[in-house]
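Close look at the chain arrangement
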Amino acid sequence: MTFTLTSNDISDGGVLPDAQVKAKGDASPHLSWSGAPEGTKSYAVTGYDPDAPTGSGFWHWTVANIPSDVSELATGAGSPGGHLPMAAVQGRTDYGQAGFGGAAPPPGHGPHRYIFTVFAVDVERLEVTADDSGAVFGFNLHFHTLAKASITATYEDTGEG
């Protein structure tokens with residue numbers, strides 16, 4: 001069985017809905033996954049924009065330590081007031097705080113890709129905290145990922161309001 005990721009909110013290759021745009025909705029997207037490989041002990045989620053004009057992209061969301069019996073996050077789970085599993089930890093985004101931060105590319109900069117990835121992890125707990133950056137989450141995931149599945153959507157601020 002192949003590890004797959006689906007969403008009721010975003011579609012692979014589609015345009016990111018207003019609900020996931022910082023100035024319009026700022027809600028983390030619904031994500032649902034299936035087909036995790038044997039040995040999966042937890043999951044992690046990242047939301048990343050590789051096209052941000054930073055030289056290193058922009059982390060919009062990092063979550064780790066999602067229990068292995070969870071296979072779905074509701075819309076808004078990573079947003080203020082959202083409901084993540086008790087053991088889950090959200091890391092610091094490039095906005096400077098933990099939790100989901102929606103798309104906000106510079107106007108007129110062209111379309112940006114927003115890559116949402118779920119990782120099947122071989123340990124119950126990654127040693128990460130709410131103060132850790134996307135790079136620290138990524139470093140830990142590098143050594144503990146059994147499989148991953150992604151959805152990529154685009155968004156562009158044309159500056160036309």
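Treat the numbers as computed from the prediction; the structure is a model and nothing was measured. (Residues numbered from 1 in each chain as written. Predicted model: local features only at pLDDT ≥ 70, side-chain atom pairs only at ≥ 80, totals over all residues. Heavy atoms only, no water.)

1. What about helix α1 (residues 134-144)?
Residues separated by three or four positions in an α-helix point in the same direction, a consequence of the helix having 3.6 residues per turn. Defined as follows: Burial status follows relative accessibility: with a 1.4 Å probe on protein chains alone, a residue under 20% of its type maximum counts as buried, one over 50% as exposed, and anything between as partly exposed. Helix and strand definitions here come from DSSP, where helices need a minimum of 4 consecutive H or I residues and strands a minimum of 2 consecutive E residues; each element is numbered from the N-terminal end. Directions are taken from the helix axis to each C-beta atom, and the arc is the one they span. Contacts: residue pairs with any heavy atoms within 4.5 Å of one another.
Within α1, burial applies to G134, F137, N140 and L141. Taken around the axis of α1, the buried residues stretch over an arc of 130°, which confines them to a single face. In this structure, α1 carries A135, F139, H142 and F143 as exposed residues pointing more than 90 degrees from its buried face. Its buried side turned inward, α1 meets β3 (42-49), β4 (58-67), β6 (89-90), β7 (112-121) and β8 (145-155).

2. Some words on the sheet that holds β8
Applicable threshold: Strand pairing is assigned whenever DSSP identifies at least 2 bridges connecting the two strands. A fitted line through C-alpha atoms represents every axis, and for helices the fit uses only the stretch in contact; the resulting angles, taken between N-to-C directions, go from 0 to 180 degrees.
Taken in spatial order, the 5 strands of this open sheet run β6-β4-β3-β7-β8, and their pairing is antiparallel. The sheet terminates laterally at β6 and β8, the two strands that pair on one side only. The pairing of β3 with β4 spans 7 bridges and is antiparallel. Each bridged residue has a counterpart across the sheet, and for T46 the counterpart in β4 is T62. Running over the sheet, α1 touches β3, β4, β6, β7 and β8 and is turned about 45° from β4.

3. Regarding the environment of T46
For T46, the location among the structural elements is in strand β3. Sequence separation between T46 and A64 is 18 residues; the distance between their C-alpha atoms is 8.7 Å. If near-sequence neighbours (up to four positions away) are discounted, T46 is found in contact with W59, W61, T62, I115, F116, T117, F119 and L141.

4. Observations concerning the pairing of β4
Most of β4 sits out of view: 9 of its 10 residues are buried. Both β4 and β6 contribute to a ladder of 2 bridges, which runs antiparallel. In the strand pairing of β6, A64 is matched with V89.

5. Describing the nonpolar core
One broad trend across soluble globular proteins is that nonpolar side chains are buried collectively. Note the threshold: Here the nonpolar core consists of buried residues drawn from Ala, Val, Leu, Ile, Met, Phe, Trp, Tyr and Cys, with membership extended through side-chain atoms lying within 4.5 Å.
By size, the foremost hydrophobic cluster in this structure holds 27 residues, and its most contacted members are L31, W33 and I66. Counting only elements with at least two residues in this core, the list comes to β2 (31-34), β3, β4, β7 and β8. Of the residues forming this core, the biggest block, 5 residues, is contributed by β8. Not counting residues within four places of it along the chain, the set of residues in contact with L31 comprises L5, T6, S7, I10, V45, W61, S71, E72, L73, F116 and V118. Among the nonpolar cores identified, the runner-up in size contains 9 residues, and A64, V121, L126 and L141 belong to it.

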